[in-house]
Amino acid sequence: METEIKKMKTNKKADTSRKKMTSAQRKKKMNVLKRKRRLLILAIAVVATAIVIGILALCGVFTKQAAQNTISIDSKGRIIFEEVENFQNSSYDKNEIKEYVKKTVTDYNNASNKKQIKIQKINFDKNKVYIKTRYASVDVYEDFTGYELFAGTIKEAVKAGYTFDASFVQVKEGVAKKTVSSEIATKKASQKVMILRENCNVHVNEMLQYVSANNTKVIDENTVSVSSGEDETTSALTYIIYK
């Protein structure tokens, strides 16, 4: 009997020990689950933040606003024009300017039966108005603004009748270098070129290679400032070659 009682006591201690182990294991498991839950919540928060930032970026919230008139071309061949004008002495107020711009674009789109032009942004800052407009193509830009513009390859430009009759400046890493002939600048017919008669900055998404020597100033590896003169319609063409 005594032996059985000892066994019972021993078994009871063992059961108590197992219960203690089970409790400790349970506590450890709960801590692990809590850590996993915190990591999951953190991961969800990071993903949600990334999605919001992505949406804002697509909407152009983080896009740098040009400080002066700038023309560029996007990956789909659409022309983007950012216009910065002083309206301090204008006879129109802010609302009238907005309505005028919107009506002009709407009338053009209605006449074309297509949404050829889209106003992406109109901002007012102190005495300046900023208007960002997207044109469906080079042809639409020329038709709406009256300014000459070409965007394509050197080979396509020659086929369209452009002679590249100008001296050029070679551009390396955003710095204007030596003057070269038209023959050298146009040697690689597959390189891209923008041709225009307009006083504005021109921004390309690739590296500048050569620009017309006259009336240009290289700003950086993707941007050149063009000053064609007061009468832009009769000024010399400006050639901007890039790849």
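A. Representation of the sheet that holds strand E9 (residues 200-203) within the structure. Sheet architecture is open: 7 strands sit in the order E3-E4-E2-E1-E9-E12-E11, paired in mixed fashion. A single partner strand is all that each edge strand has here, and the edge strands are strand E3 (117-125) and strand E11 (216-220). Strand-to-strand twist of the sheet, defined as the mean angle between neighbouring strand axes without regard to direction, takes the value 20 degrees. Pairing geometry for E11 and strand E12 (residues 223-226), over 4 bridges, is antiparallel. When the sheet's bridge partners are listed, Val218 is paired in E12 with Val224. Sitting on the sheet, helix H2 (residues 94-112) is in contact with E3 and strand E4 (128-135), with an inclination near 170 degrees to E3. Its contacts with the sheet put helix H3 (residues 138-145) on strand E1 (70-73), strand E2 (79-86), E3 and E4, and the angle it makes with E4 is roughly 135 degrees.

B. View of the pairing of strand E7 (residues 175-180). Sheet topology places strand E6 (residues 168-172) next to E7; 4 bridges connect them, and they run antiparallel. What sits directly across from Val171, in E7, is Ala176. Here E6 folds back onto E7, and the loop between the two strands holds 2 residues, one of which, Glu173, carries a positive phi near 50 degrees.

C. Spotlight on H2. Spanning 19 residues, H2 covers 28 Å between terminal C-alpha atoms, matching the ideal 27 Å at 1.5 Å per step. Taken residue by residue, H2 has Ile97, Val101, Val105, Tyr108 and Asn109 as its buried positions. End-on, the buried residues of H2 take up no more than an arc of 100 degrees, which puts them together on one face. Turned more than 90 degrees away from the buried face of H2 sit Asn95, Glu99, Tyr100, Lys103, Asn110 and Ala111, all of them exposed. Tucked inside the fold, the buried residues of H2 contact E3, E4 and H3. The opening residue of H2, the one whose side-chain oxygen lies 3.2 Å from the backbone nitrogen of Asn95, is Asp93. Note on H2: the residue one or two positions beyond its end, Asn113, has a positive phi of about 60 degrees.

D. Summary view of the packing of H2 against H3. The N-to-C vectors of H2 and H3 enclose an angle of 120 degrees; their axes lie 12 Å apart at closest approach. On the basis of the axis angle, H2 is oblique to H3. For the crossing formed where H2 meets H3, the hand is right-handed. For the pair formed by H2 and H3, the contact residues are Thr104, Val105 and Tyr108 on the first element and Val140, Asp143 and Phe144 on the second.

E. Structural view of the pattern of salt bridges. Applying the stated criterion across every chain, the model contains 4 salt bridges. Linking Lys103 and Asp107 is a salt bridge whose minimum nitrogen-to-oxygen distance equals 2.8 Å. Of the two residues, Lys103 and Asp107 are both situated in helix H2; the distance of 4 residues between them amounts to about one turn of the helix. The exposure class of Lys103 is exposed, given its relative accessible area of 52%. For Glu148, the salt bridge is made with Arg197, and the minimal N-O distance between the two is 2.9 Å. A residue pair is termed long-range when its members are at least 10 positions apart, and Glu148 in the loop between H3 and strand E5 (149-153) and Arg197 in the loop between strand E8 (192-196) and E9 qualify at 49 residues. For Glu148, a relative accessible area of 25% gives the class partly exposed.

F. Spotlight on the packing of aromatic side chains. Under the definition given, this model contains 8 aromatic pairs. When the centroid spacing of 5.9 Å and the interplanar angle of 50 degrees are considered together, the rings of Tyr135 and Phe144 count as tilted. Classification of Tyr135 by relative accessible area gives buried; the value is 5%. Phe144 sits in the partly exposed class, given a relative accessible area of 27%. Relative to Tyr239, the ring of Phe168 has its centre 5.9 Å away and its plane inclined at 55 degrees; by these criteria the two rings are tilted. On the criterion of sequence distance, the pair formed by Phe168 in strand E6 and Tyr239 in strand E13 (residues 238-242) is long-range, its members being 71 residues apart. Grouping residues by exposure puts Phe168 and Tyr239 together as buried.

G. A look at the environment of Glu83. Mapping Glu83 onto the fold places it in strand E2. When the C-alpha positions of Glu83 and Ile71 are compared, they lie 8.6 Å apart, and in sequence the two are 12 residues distant. Apart from the residues within four sequence positions on either side, Glu83 is in contact with Asn69, Val129, Tyr130 and Ile131.

Rules of the game
Residues numbered from 1 in each chain as written. Predicted model: local features only at pLDDT ≥ 70, side-chain atom pairs only at ≥ 80, totals over all residues. Heavy atoms only, no water. Pairing = 2+ DSSP bridges. Helix = DSSP H or I, 4+ residues; strand = E, 2+ residues; numbered from the N terminus. Axes fitted to C-alpha atoms, helices over the stretch in contact; angles between N-to-C directions. Contact = heavy atoms within 4.5 Å. Expected span 1.5 Å × (residues − 1). Buried < 20%, exposed > 50% of the residue type's maximum accessible area, 1.4 Å probe, protein only. Arc of directions from axis to C-beta. Polar contact = N/O pair within 3.5 Å; in protein donor to acceptor, adjacent residues only side chain to side chain. Parallel < 35°, antiparallel > 145°, perpendicular 65-115°, else oblique. Left-handed = near helix turned anticlockwise from the far one by under 90°. Salt bridge = Lys/Arg side-chain N within 4 Å of Asp/Glu carboxyl O. Phe/Tyr/Trp six-rings, centres within 6.5 Å; stacked < 30°, edge-to-face > 60°.

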